[in-house]
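Descriptive analysis of the structure
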Amino acid sequence: MTDVTQEGMPAVPERRNFYGRVHGKTLRASQKQYLAEDLGKVRLAGITVEENPGRSPIDPVALFGERPLWLEVGFGGGEHLVHMAARYPRIGIIGCEPFVNGVAMLLGKIRAAGVDNLAIHPGDVRDLFDVLPDASVAKAFLNYPDPWPKARHHRRRFVTPGYLVALARVMAPGAEFRVATDIPDYVRQTLEEVPKAGFDIVAQAGAGGAWEDWLSTRYEQKALREGRAPHYLTFRRKG
Ligand SMILES: C[S@@+](CC[C@H](N)C(=O)[O-])C[C@H]1O[C@@H](n2cnc3c(N)ncnc32)[C@H](O)[C@@H]1O
């Protein structure tokens, strides 16, 4: 298996099942240019199995100094990720997203915003979980995760122990974990599973009750157009 694909994206590791899309519409010329010119500047090294077969922990201090480290899982087009980086210049934020079209969109937004406190793993968040030190993440965001509506696919959801145990390990005691979703059954599973992984529920709200610093994402806009209501859940890592 090769380390990176043509666009400079890491190949999805064979040892894990990844069911989402990694390619969408043909990339525009400008997006290809962003990938060629900018991905290398923001892409984290030492995350993939090929680059780091021993799975040695990465050093967040080497990345962002002593700034608090935040994490966004599945950033889609990157609007929330860039918004948070711009709004909070004294934190460092890592985003993960295996969908190449999303990564290309993010790179365009980074150029426009000029933020420098942002790094990405253009791949599966589980690769990052392997190599993040214990208790290194001060805040995490899961915005509109893939809903996997069929009951037999619920085990693919992020809010299952395979993801949550790893998330809990890397989050610092007291760290905040935010989940936004438009799927009532996803709310149910989140409220069942996240506390079992070592988090307390702090707040839950519906439409109009988003966090004060929230930026509505592409998927939220789609949900609203299609008549589905947002839910905003806030958890805190025990400790
Ligand atoms: C429904 S989209 C939402 C995107 C964005 N957060 C938003 O609100 O517009 C879910 C995203 O999660 C990403 N995703 C799914 N599994 C992932 C994983 N294991 N690691 C990182 N991202 C993942 C998908 O590629 C997809 O872009």
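Going by the annotation in an unreviewed UniProt entry, the name recorded for the chain is tRNA (guanine-N(7)-)-methyltransferase, with Paragemmobacter ruber given as the source organism. One UniProt comment on the chain, placed under Sequence similarities (unreviewed entry), says "Belongs to the class I-like SAM-binding methyltransferase superfamily. TrmB family." One UniProt comment on the chain, placed under Pathway (unreviewed entry), says "tRNA modification; N(7)-methylguanine-tRNA biosynthesis."

The local shell around the ligand holds 21 residues, among which Gly74, Gly76, Tyr144, Thr217 and Tyr219 are the closest. Sorting the residues of the shell around the ligand by element identifies α5 (125–131) and α8 (218–225) as the ones contributing at least two each. Counting residues per element, the shell around the ligand draws most heavily on α8, at three residues. Grouping the constituent residues of the shell around the ligand by class yields nine nonpolar, six polar and six charged.

Before going further, it helps to spend a moment on helix α1 (residues 29–42). Helix length check: α1 (14 residues) gives 20 Å between terminal C-alpha atoms against 20 Å at 1.5 Å per residue, within 8%. In the structure, α1 departs most strongly from a straight axis at Ala36, where the bend amounts to approximately 35 degrees. Taken together, the buried positions of α1 are Tyr34, Leu35 and Leu39. Contacts made by the buried residues of α1 are with α4 (100–113).

This part is about the pairing of strand β7 (residues 231–237). The buried fraction of β7 is high, at five of seven residues. Relative to β7, strand β5 (residues 171–181) is paired through six bridges, and the arrangement is antiparallel. Within the sheet, the bridge partner assigned to Phe177 lies in β7 and is Phe235. Examined bridge by bridge, strand β6 (residues 199–205) and β7 share six bridges and lie antiparallel to one another. Across the sheet, residue Gln204 finds its bridge partner in β7, namely Leu233.

When the UniProt feature table is mapped onto this chain, "binding site: S-adenosyl-L-methionine" (unreviewed entry) is found at Glu72, Glu97, Asp124 and Asp146. Look at the named residues: they lie 75 residues apart in sequence, but the longest C-alpha span between them is just 14.0 Å, so in the fold they bunch up. Position of Glu97 among the secondary structure elements: in the loop between β2 (92–96) and α4. Look at Glu97 and you get buried, because 27 C-beta atoms sit within 10 Å. Non-local contacts of Glu97, meaning those with residues more than four positions away in its chain, are made with Gly74, Phe75, Gly76, Gly102, Val103 and Pro122. Counting through the fold element by element, Asp124 comes out in the loop between β3 (118–121) and α5. Judged by the 24 C-beta atoms lying within 10 Å of it, Asp124 is buried.

Procedures and definitions
Residues numbered from 1 in each chain as written. Predicted model: local features only at pLDDT ≥ 70, side-chain atom pairs only at ≥ 80, totals over all residues. UniProt positions renumbered as here; feature names shortened; annotations may be inferred. Near = placed C-beta within 6 Å. Helix = DSSP H or I, 4+ residues; strand = E, 2+ residues; numbered from the N terminus. Nonpolar A, V, L, I, M, F, W, Y, C, P; charged D, E, K, R; others polar. Expected span 1.5 Å × (residues − 1). Bend = angle between axes of the 7 residues up to and from the residue. Buried ≥ 20, exposed ≤ 12 C-beta atoms within 10 Å, placed from the backbone. Contact = placed C-beta atoms within 7 Å. Pairing = 2+ DSSP bridges.

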